[in-house]
Every structure is written in structure tokens, then in C-alpha cells.
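# Examining the three-dimensional arrangement
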Amino acid sequence: MSHAPKPETKISHEYGFWYGIAFSIYESGTGSFASWCANRGYKPNHLTWLRIGLSPTLFVFHFVEQLWPAVVIMSVLLWLDIQDGRLARVLEARRAGSGYSKTGAILDQAADKLTMIGAFWCLSLISFAPVSAAILITTLEIALFSARPIRNLRRAYAGLKPDEGRSNHFGKIKVWAEAVAWYGFMFGPESNLALVPYVSLLATVGFGIMSFARHVGSALDNQPTRTSSDYHAKLK
């Protein structure tokens, strides 16, 4: 009797040994909460909507300069971003057929972008980060959001059907680079980490460009781009 390979084994084969090891550690650390949600009928979109609902709280804490509560809320938002992907995989493993949802994938991407754009503008308005950083993040996120319609226009011109438009692994790494930059601006001026946010912003731009190129450059593939986000696609 044959058995399907474990997700971390498949990822190691396709994306590299260390990427597979990191995925395995991540899976073991997040499985309990995702299983708890799955057992109670929650779906990834529920967690994504929770992230969207918590984002205004993050912005309010910026404006009243309650920095530690803002750090806690940002950490919760990032944690929920991890959990909704894990929950999608748990539910996918419990049902037959494909559970991918274009709506869920776009909603997840929109939540990431709105949170980061809002957080950086809040930092700039309370003088914790330069306005140029907020402009950079906003421009990059808008460009990345436009990559998906550009991709599908190219596919339509070539006679191919639109695909799900899921995030690729460069885009996921870009989100975490943005998060490191945000934490750096929050703590950097009063520590030895003053250069961290600027280095992280450079990394953000680099991964953002690679993500854009990946989306648009692979537009004429007959199948959707195979990336780590195949395991993060959301269910309806």
C-alpha cells in the first residue's frame, strides 16, 4: 500500500533541504491551534477576517503612542497569518479534491498589504519612520497587487485561462522582511539596531521585485506557478 509523501518531504524535494527543514519546524509549532480551529468548523478566511478586523486596533495604538500594545497586536497579526495557511492545509488533508480558493488567496494578500501600508504610514505620522519608507512600502505593494491582473492579461492574450493568483514564496518572505523593518523602526532609535529597518527595507524591495518578476514572468505557464504558497491557498 503506497502512502502520499509528507508535505515537508515534498517541499524539501522541490524547494531545497533547508527550506523543507524550516517548513517542518513551522508545521510542528503551529499544528495544535490549526487542528483546534478545524475541529470547530473554522476556515482560513475566518482568521483572515480577524486579521483585517484587528488592523484598526494596531493603527489606533500607533496614534496614541502605546508602543508595546502595538507590538503585541502586530505579533498577533503575523501569527494569524501563519495560522490561516496551516489551517488551510489541515482542512485540505481532511477532504477529497482541491480546496483552493481564489477569493481566499486574494483576501489573504489584501490583508497583508493593507496591514503593512497602514502600519508604515502610522509610523511615519508619529515620526518613528521616515515618510519615504511609507511611500516605498505603498508603491511596492500597489505594484505587486497589479502583477496579478497583468499576469492574467498576458494569459488571456495567449488564450490561457486565468489562474488563482496565489502568492509565491518571494512574496511571503517579503512580508516578513517588512515586519522586521517595522519592529526595527519601533525599537531601533533607542538601541543598537538603528540600521536593521533600513537593511530590512532593502531586502523587502529585493524580494518584492523577485515576486513581481515571478508572477509576470510565469504568466504563460499552462499551470499555476508551483511555489510554497500552494500549501497556503485558502479554502472557501
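Residues numbered from 1 in each chain as written. Predicted model: local features only at pLDDT ≥ 70, side-chain atom pairs only at ≥ 80, totals over all residues. Heavy atoms only, no water.

## Concerning the overall build of the chain
Counting secondary structure elements, the chain contains 8 helices and 0 strands. Buried residues in the chain amount to 45% of all 236 residues. Across the chain, every contact between residues at least 6 apart in sequence was considered, and the portion connecting residues at least 24 apart equals 80%. With an accessible surface of roughly 12,300 Å², the chain has 68% of that area assigned to carbon and sulfur atoms. (Helix = DSSP H or I, 4+ residues; strand = E, 2+ residues; numbered from the N terminus. Buried < 20%, exposed > 50% of the residue type's maximum accessible area, 1.4 Å probe, protein only. Contact = heavy atoms within 4.5 Å. Areas by Shrake-Rupley, 256 points an atom, 1.4 Å probe, with all protein chains shown as cover.)

## Some thoughts on the packing of helix H4 (residues 67–93) against helix H7 (residues 169–187)
In contact at an axis separation of 11 Å, H4 and H7 are set at 170 degrees when each is read in the N-to-C sense. Taken together, the axes of H4 and H7 are roughly antiparallel relative to one another. Counting all contacts with H4, which are made through Leu67, Trp68, Ala70, Val71, Met74, Ser75, Leu78, Asp81 and Ile82, the residues of H7 involved are Lys172, Val175, Trp176, Ala179, Trp182, Tyr183, Met186 and Phe187. The residue makeup of the contact of H4 with H7, split by class, is 14 nonpolar, 1 polar and 2 charged. (Axes fitted to C-alpha atoms, helices over the stretch in contact; angles between N-to-C directions. Parallel < 35°, antiparallel > 145°, perpendicular 65-115°, else oblique. Nonpolar A, V, L, I, M, F, W, Y, C, P; charged D, E, K, R; others polar.)

## Description of the pattern of salt bridges
Throughout the structure, instances matching the rule amount to 9 salt bridges. If you follow the salt bridges from partner to partner, you end up with Arg51, Asp81, Asp84, Asp108, Asp112 and Lys172 in one network. (Salt bridge = Lys/Arg side-chain N within 4 Å of Asp/Glu carboxyl O.)

## Details of the nonpolar core
Membership of the largest hydrophobic core comes to 25 residues, with the highest contact counts inside it found for Leu58, Met116, Phe120, Trp182, Phe185 and Leu201. At the level of elements, helix H3 (44–63), H4, helix H5 (102–125), helix H6 (131–157) and H7 are the ones that each hand at least two residues to this core. The contact partners of Phe185, leaving out residues within four places of it in the chain, are Phe120, Leu123, Phe128, Ala129, Pro130, Ala133, Pro197, Tyr198 and Leu201. (Core = buried A, V, L, I, M, F, W, Y, C linked by side-chain atoms within 4.5 Å.)

## A short note on the side chain of Lys113
The topology assignment puts Lys113 in helix H5. On the basis of relative accessibility, which here comes to 10%, the residue Lys113 falls in the buried class.

## A short note on the side chain of Arg148
Assignment of secondary structure puts Arg148 in helix H6. With no salt bridge to any partner, buried Arg148 finds its closest opposite charge in Glu141, at an N-O distance of 7.4 Å. Within the structure, the side chain of Arg148 is placed 2.9 Å from the backbone oxygen of Leu144, a separation counted as a polar contact. (Lys, Arg positive; Asp, Glu negative; His and termini not counted. Polar contact = N/O pair within 3.5 Å; in protein donor to acceptor, adjacent residues only side chain to side chain.)

## Brief notes about a nonpolar patch on the surface
A surface patch of nonpolar side chains, amounting to about 400 Å² of accessible area, comprises Val60, Phe63, Val64 and Leu125. Looking at where Val60 falls in the secondary structure, it is placed in helix H3. (Patch = residues over 30% accessible without salt bridge, like charges linked within 9 Å, V, L, I, M, F, W, Y side chains within 5 Å.)

## A short note on the packing of aromatic side chains
Two numbers describe a pair of aromatic rings. These are the distance of the centres and the angle of the planes. Here the structure, examined in full by the defined rule, presents 7 aromatic pairs. An angle of 85 degrees between the planes, with centres 5.4 Å apart, marks the rings of Phe185 and Tyr198 as edge-to-face. Of the two residues, Phe185 sits in helix H7 while Tyr198 sits in helix H8 (residues 196–217), which places them 13 residues apart along the sequence. A relative accessible area of 3% means that Phe185 is categorised as buried. Through pairs of rings, three or more aromatic residues link up here, namely Phe33, Trp36, Tyr42 and Trp79. (Phe/Tyr/Trp six-rings, centres within 6.5 Å; stacked < 30°, edge-to-face > 60°.)

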